[in-house]
Structures are given as C-alpha cells and as structure tokens.
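# Structural overview for review
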Amino acid sequence: MSSDNCFLRWGFKTYRTSSLWNSSQSTDSSRQEITSSQSALLPSINEQTQKTQKTRNFDSELSLEALDDLPPLSPLQPVSEEEAIQIIADPPLPPDTFTLRDYVDHSETLQKLVLLGVDLSKIEKHPDAANLLLRLDFEKDIKQILMFLKDLGLEDNQLGTYLTKNYAIFSEDLENLKTRVAYLQSKNFSKAHITQMVRNAPFLLSFSVERLDNRLGFFQKELELSVKKTRDLIVRLPRLLTGSLEPVKENMKVFNTRLFKIKERHLFLTYLGRAQYDPTKLNYISLDKLVSLPDEIFCEEIAKASVQDFEKFLKTL
C-alpha cells in the first residue's frame, strides 16, 4: 500500500507537471500566433516611423505658391477674441461724400496740397476736381509742375492761391507749358512780366499758343496800338488774354459811338426812371442796346415810349 501510494503520488505529480507545461506551451504558441498575425496586419515600427517622417518632410516642403491654391477662409468663419484683437484694418473710404476733406487722410497728394495752402473747399465746388486730384501721384504728376512754377518766379506762399484757382494745370503737359512761356518770351515779355501775368491771370498758361497769338493780334488791331503799347496793356491787364471778348467788344462799340447820342438816351431813360444798368437786377439795359439800336426800337423796347415822346424830350435839353 505504501509503494502503491508512492506510485500514485509520483504519477499524479508527473501528470500535473506535464499538464502545466503543455498549458504553458499552448499559451505561448497562441501568443506567437496572435503576434505573427498582428505583424502581418500592422506595419512595423520602422515602417511607421518612416511614414511619419515622410509626412513631416512633405509639410515642411509645402511652398507659398501651393498655399495660393488652398480655398480661402469663409468671411463667416468665427474667430476668437484674441484673433479679432490682432486684426488691423485701414478705415474704409467714405462711400458717398460731397467734400474732399473726407479723402485727405487717405491721399498723400491731398495732404501735401493742403500743406502748400491749397483751399480744397473751393476746389471741390468743381465736379471734375475730385476725379482729377485723387488720380494724381504727387511725385510723378504734381512735383514737376510745382518746380516749373517756382522756376517761373512764383514764391512758395503764392503757390496755394494759384493752384486753388487753376488746379487743372496738373492735367497740362509740361512741355506745352514750357512752349507757351517761350512764345511770350519771343514777344519780348520779360521773365518778371510773365511772372506777374501768370500770378494775376492764373489761367494764362492754360491757353494754347495759337489762342494767345490771336488775342494779342485782336487788341493790337482793334485798339490801333503799337507793339509796345499792346505789350504794356497786357502786362497791366493780363486777363484780357483769358477773359471773354464780348464785354470788350461791347465797350469798344461804345467808345466808337458819338458820346452825345449816348447822353441823350441815358437822360431820357433817367427821366422815365428806366436807367438800370445793373445786370443782376430786373429791367437791365446793356450798353450794346443803349448804343446800337435804332431810335424806333430803342423807344419801343427799351424806353417803353413813343418816338414822338423821345423827340419832345430832346427839345427840352
């Protein structure tokens, strides 16, 4: 019994040890199978590392040009408060305005013109002024005209007044301006005379050579003046070259009419209370009508009286 018990104990121990070994072997085998199967499905650590590095290299090699192809951010995309604070935007131009002052903060050209003394409040009354000035570049378009005017003799404190009246000189070709000055010099106007003329008649240089020549010829011929007297007249009254000729022609007609006839009609109108020569008021009578109309028409349309009444009045003089 004792030996049998020992045998049984040895056999049970051997069986147990064998079972544990087999179980351990089976477990290790299963683990190896699972590991091998996972290895077949998943990339190795080296492969995974290579792919990660490759992706990083692609990101670092992404050029700025490639960013242009990316779709733009939506304007409706929400931003954080920190991002909003960092956004810097220039104030927008006024969408609708009636004054150039609204554009001064946005235009270097207007800022420098103001510093020169240009009165924008007077310029903006002209509908084309804003379109012209806002298109100009100070260095490219304006500076050369300013240097030309200074070379002509205008002082710094005179530029503002001049440009306020004739801002359109910026649209003139510089060579044309020089040609007009050269023409006046050819007519023996001195540099001092030309400076005085340009200052007193700001639009003088905006007239072509042909027009200036025609005006000089007109006054010399109609007034029967010598060349020197014509030149002296223009230096003293340079706006005769730039203003309308109609008032001049009207006055010339009155110089050429018998003074006594003008006096008769004027006294008759004064007697009737109709001697009104102010063009801004009602019943205005121009010098041309006072002088040139026949007696019948003068009495009917101007004096509102009969020719007989006019003749009776003349007998009282």
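Residues numbered from 1 in each chain as written. Predicted model: local features only at pLDDT ≥ 70, side-chain atom pairs only at ≥ 80, totals over all residues. Heavy atoms only, no water.

It is worth spelling out the overall build of the protein at this point. Broken down by element type, the protein carries 19 helices and zero strands. In the protein, buried positions account for 26% of the 317 residues. For the protein, long-range pairs separated by at least 24 residues make up 64% of all intrachain contacts whose partners lie at least 6 apart in sequence. Counting every atom, the protein has about 23,100 Å² of accessible surface; 54% of that belongs to carbon and sulfur. (Helix = DSSP H or I, 4+ residues; strand = E, 2+ residues; numbered from the N terminus. Buried < 20%, exposed > 50% of the residue type's maximum accessible area, 1.4 Å probe, protein only. Contact = heavy atoms within 4.5 Å. Areas by Shrake-Rupley, 256 points an atom, 1.4 Å probe, with all protein chains shown as cover.)

A few words now on the side chain of R231. Positionally, R231 belongs in helix 14 (residues 227-236). Notably, R231 is buried but unbridged: the nearest opposite-charge side chain belongs to D232, and the N-O separation is 5.1 Å. There is a polar contact of 3.4 Å between the side chain of R231 and the backbone oxygen of K187. Apart from residues no more than four positions distant in its own chain, R231 is found in contact with K187, N188 and F189. (Lys, Arg positive; Asp, Glu negative; His and termini not counted. Salt bridge = Lys/Arg side-chain N within 4 Å of Asp/Glu carboxyl O. Polar contact = N/O pair within 3.5 Å; in protein donor to acceptor, adjacent residues only side chain to side chain.)

Phi angles above zero are rare outside glycine, and N283 is one such case at about 60°. Topologically, N283 is positioned in the loop between helix 16 (259-272) and helix 17 (287-292). Given the relative accessible area of 56%, N283 is considered exposed. In this model, K304 sits at a positive phi of 60°, which is unusual for a non-glycine residue. Position of K304 relative to the elements: it lies in the loop between helix 18 (295-303) and helix 19 (307-315).

Turning next to the confidence of the model for the protein. Confidence in the prediction of the protein, expressed as mean pLDDT, is 78, and 69% of residues score 70 or more. Low pLDDT, under 50, characterises residues 1-45; the predicted model gives this stretch one contact beyond four residues in sequence or across chains. Every residue in residues 54-70 scores below 50 in pLDDT, and together they form one contact with partners more than four places removed in sequence or on other chains. (pLDDT = per-residue confidence, 0-100.)

Moving on, we come to a positive patch on the surface. Where like charges cluster on the molecular surface, the positive patch consists of K122, K125, K165 and R239. Its location among the elements puts K165 in helix 10 (residues 156-165). (Patch = residues over 30% accessible without salt bridge, like charges linked within 9 Å, V, L, I, M, F, W, Y side chains within 5 Å. Charge placed at Lys NZ, Arg CZ, Asp CG, Glu CD.)

Looking now at the environment of Y103. Structurally, the position occupied by Y103 is in helix 5 (residues 101-104). As a C-alpha pair, Y103 and L134 span 31 residues in sequence and 8.5 Å in three-dimensional space.

Quick look at the pattern of salt bridges now. Any two side chains of opposite charge can pair if their charged atoms end up close together. Evaluated as defined, the whole model comprises eight salt bridges. Here E139 ties to K112 by a salt bridge, and the two come within 3.8 Å at their closest N and O atoms. Taken as a pair, E139 in helix 9 (residues 138-152) and K112 in helix 6 (residues 108-115) lie far apart in primary sequence, 27 residues in all. With relative accessibility at 47%, the residue E139 sits in the partly exposed group.

Turning to helix 12 (residues 191-200), a few remarks are in order. The set of residues buried in helix 12 consists of I194, T195, M197 and V198. Along the axis of helix 12, the buried residues cluster in a sector spanning 165°; they form a single face. Its buried side turned inward, helix 12 meets helix 9, helix 10, helix 11 (174-186) and helix 14. (Arc of directions from axis to C-beta.)

Let us now look at the environment of L159. Inspection of the secondary structure assignment puts L159 in helix 10. For L159, a relative accessible area of 2% corresponds to the buried category. When the C-alpha positions of L159 and L116 are compared, they lie 6.8 Å apart, and in sequence the two are 43 residues distant. With sequence-adjacent residues up to four places away left out, L159 is seen in contact with L146, L149, K150 and L154.

Structurally, T109 can be placed in helix 6. By relative accessible area, which is 4% here, T109 ends up buried. Apart from the residues within four sequence positions on either side, T109 is in contact with L133, L136, D137, F138 and I142.

Below, the discussion takes up the packing of helix 9 against helix 10. Orientation of helix 9 relative to helix 10, taken along the N-to-C sense of each, is 120°, at an axis distance of 11 Å. Classified by the angle between their axes, helix 9 and helix 10 sit oblique to one another. At the point where helix 9 passes helix 10, the crossing takes the right-handed sense. Contacts between helix 9 and helix 10 involve L146, L149 and K150 on the former and, on the latter, D156, L159, Y162 and L163. (Axes fitted to C-alpha atoms, helices over the stretch in contact; angles between N-to-C directions. Parallel < 35°, antiparallel > 145°, perpendicular 65-115°, else oblique. Left-handed = near helix turned anticlockwise from the far one by under 90°.)

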